[in-house]
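Coordinate inspection notes
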Amino acid sequence: MSESSDQKVIDAAPTTHSKLAAWVQEIAELTKPDHVYWVDGTQEENDRLTAELVAGGTLQKLTDPSFPNSFAAFSDPKDVARVEERTFICSENEKDAGFTNNWESPVKMKSMLKGLFDGAMRGRTMYVIPFVMGPLDAEQPQYGVELTDSAYVVASMRIMARIGNDVLRKMEAEEAFFVPALHSVGAPLAPGQDDVAWPCNEDKWIVHFPEERSIWSYGSGYGGNALLGKKCYALRIASVMARDEGWLAEHMLILKLTNPEGKSYNVAAAFPSACGKTNLALLDPTIDGWKAETLGDDINWMRIGKEGELRGVNPEYGLFGVAPGTGWSTNPNAMRAITKGNSIFTNVALTDEGGVWWEGMTDEAPAHLTDWLGNDWTPDSGRPAAHPNSRFCTPISQVDMLAQEYYSPDGVEIHAILFGGRRKTTIPLVTQARSWTNGIFMGSTLSSETTAAAAGAVGVVRRDPMAMLPFIGYNAGDYLNHWDSIESKANPERLPKIFLVNWFRRNAEGGFAWPGFGDNSRVLKWAIDRIEGKADAVETPIGFVPTGDSIDLTGLDMTPADVDAAVSVDKGEWATELASIEEWYAKFGEALPASLRSELDGLKERMGA
Ligand code: GTP
Ligand code: SPV
Ligand code: MN
């Protein structure tokens, strides 16, 4: 970078935040963009950036009036999901990253990354995005600044997080700490070189420095790899902050439920990627008199409140939802939010009317589409029109059922926690934990068949503690210990009750044993009735499951015997499960909390194993 452009960077820095100005200067010198642009977050700016993205071919403006002010983007086919094997936690000590994370020494990693980032933004603009996770009027606003050379990331971050001038002004006034989050698609342009619609690099690095609380992401423009406020900050870095400060940063939806008596309960639920968080967060109850309101669909920051209660806040500002399977019959609330407009769709199919479509949006597929790869598509094509990890990115404020408390910096009291995964067998529809630690045991052994949300094989059972396997920013054993220790930090009377759920169990015919979606309200009703001491349960070795007639089946074509089957605990299946849990726990070595080892021993004893 020449003297004069260095000067330009300093002059252009419209901030009195000296650390921020210095960091932007340092990164501009390293990455050598043509311009540095400070994002103000206004509508005019967004209109300008999206127009530029349309002109450059990254975005396509939708012309179907059902999707006002909305755009479609199509990624490089090699850049369609989070890349877990390229994700690193570079703590000072390898032990602090633990066996669930990739690790490299921070010094080595930084020096390698500095090489990659050297000149990485040539020919591009470096955007400076001041953002805050959670409300700006929080007692301690959690600031971040993302530097990125992707305008698509700017437009998406504007939906997913609170960004821009208001954030910057408040950050300056406090000369506040912020998480420095650096992102480049890793595709510098030589003078005169034409850009492509979706620049990226085959070499991808999603790197976290937990002690420094910083993020360096290189080579991908997609989702959680690039929108750094989301998984990188609000889960991986925040989980480390939470460990140090006595709170929890979790991969959870938050849902407010009000029963027919008018009493409200807030339920948080941790399910692995593409296992139903967004769907449950936008639940349309199928039982009379129950009302559901959305608080969050992916991330829940929980702190202990003044009365020792656990309080949850959704730090995000938008929904980044799996498109396929989101439809007018399965998730009308999501469809209503999406069709209000102001959305960015990535890797979905285009209709001939200039709208978008994906598998499951409507019962019948349109006769003709342009698929996510740009090919003609008809229902006979024999392949999906939308990528299985295609996404809608929509402001959460457009959700009609959004609870007013979403905007409250104090969040809401969490009354119940669900852990859930995608398992064809073994795991009952719902099981109530015997105690807090028994609930932590359930969370720690949570398992799910892998999905398209991450690169790699799909359908393989893997353990995913608290649905946080790809997101725990430190040693997983310490993480479980931290969870267990919440019991002694909180008011035991106010601790949430813990439940294990599985919407995906199969019946003898191979179909789903439970209808799922809106009917999950029936399971939530049972859980809340349990909290109120009203619902019946059977004690099994793994915990309390509903009696066949304690689940409200009104209006469903199901019998109590079907419920019995959906919640059955099969000794044979559990023998296999226990062996697999043993193997899983062995990986933790010394770091496994003794309380969880006793939980496993107790379970084996109860199982007669
Ligand atoms: P991420 O955003 O990747 O973290 O995923 P998520 O946990 O928000 O999952 P989402 O709600 O988007 O659902 C993922 C897939 O699971 C979709 O294809 C849904 O149609 C399907 N799904 C969600 N809930 C249910 C359910 O209750 N039963 C069944 N059978 N499928 C469900
Ligand atoms: C997930 O994979 O859990 C997502 C999508 O929610 S991403 O933001 O890409 O992580
Ligand atoms: Mn989701």
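Residues numbered from 1 in each chain as written. Chains lettered and ligands numbered in written order. Predicted model: local features only at pLDDT ≥ 70, side-chain atom pairs only at ≥ 80, totals over all residues. Heavy atoms only, no water.

1. With respect to the site of ligand 1
In the vicinity of ligand 1, 22 residues are found, and the nearest of them are Ala274, Lys277, Thr278, Asn279 and Arg391. Contacts to ligand 1 include Gly276, whose backbone N or O atom sits 2.8 Å from an oxygen atom. Side-chain polar atom of Asp298 to an oxygen atom of ligand 1: 3.4 Å apart, as the coordinates give it. Coverage of ligand 1 by the protein amounts to 92% of the 660 Å² it exposes when considered alone. Looking at the shell around ligand 1, the elements that each hand over two or more residues are helix H9 (277–281) and strand E17 (318–322). In terms of residue class, the shell around ligand 1 is built from ten nonpolar, eight polar and four charged. (Near = heavy atom within 4 Å. Polar contact = N/O pair within 3.5 Å; in protein donor to acceptor, adjacent residues only side chain to side chain. Areas by Shrake-Rupley, 256 points an atom, 1.4 Å probe, with all protein chains shown as cover. Helix = DSSP H or I, 4+ residues; strand = E, 2+ residues; numbered from the N terminus. Nonpolar A, V, L, I, M, F, W, Y, C, P; charged D, E, K, R; others polar.)

2. Quick notes on the packing of helix H11 (residues 436–444) against helix H16 (residues 594–607)
Relative orientation of the contacting elements H11 and H16 amounts to 90°, with a least axis distance of 9 Å. Between H11 and H16, the crossing angle belongs to the class labelled roughly perpendicular. Judged by residue contacts, Thr437, Asn438, Ile440, Phe441 and Ser444 of H11 engage Ser595, Leu596, Glu599, Leu600, Leu603 and Arg606 from H16. Residue composition of the contact of H11 with H16, by class: five nonpolar, four polar and two charged. (Axes fitted to C-alpha atoms, helices over the stretch in contact; angles between N-to-C directions. Parallel < 35°, antiparallel > 145°, perpendicular 65-115°, else oblique. Contact = heavy atoms within 4.5 Å.)

3. Things to note about the sheet that holds strand E24 (residues 412–413)
A sheet is described by the order of its strands in space; here four strands give the open sequence E11-E15-E16-E24, paired in antiparallel fashion. Every interior strand has two partners, whereas the edge strands, strand E11 (248–250) and E24, have only one. Bridge count for strand E15 (residues 300–304) against strand E16 (residues 310–313) is four bridges, and the pairing is antiparallel. Bridge pairing links Met302 to Gly312 in E16. Docked against the sheet, helix H8 (residues 229–245) engages E11 and E15, running at close to 160° with respect to E11. Taken strand by strand, helix H12 (residues 476–489) contacts E11, E15 and E16, and its axis lies near 125° from that of E11. (Pairing = 2+ DSSP bridges.)

4. Section: the site of ligand 2
In the vicinity of ligand 2, the residues found are Arg82, Gly223, Gly224, Lys230, Lys231, His251, Ser273, Asp298, Phe320, Arg391, Ala453 and Phe471. A distance of 2.4 Å separates an oxygen atom of ligand 2 from a polar atom in the side chain of Ser273. Coverage of ligand 2 by the protein amounts to 98% of the 290 Å² it exposes when considered alone. Taken together, the elements giving at least two residues each to the shell around ligand 2 come down to helix H7 (223–226) and H8.

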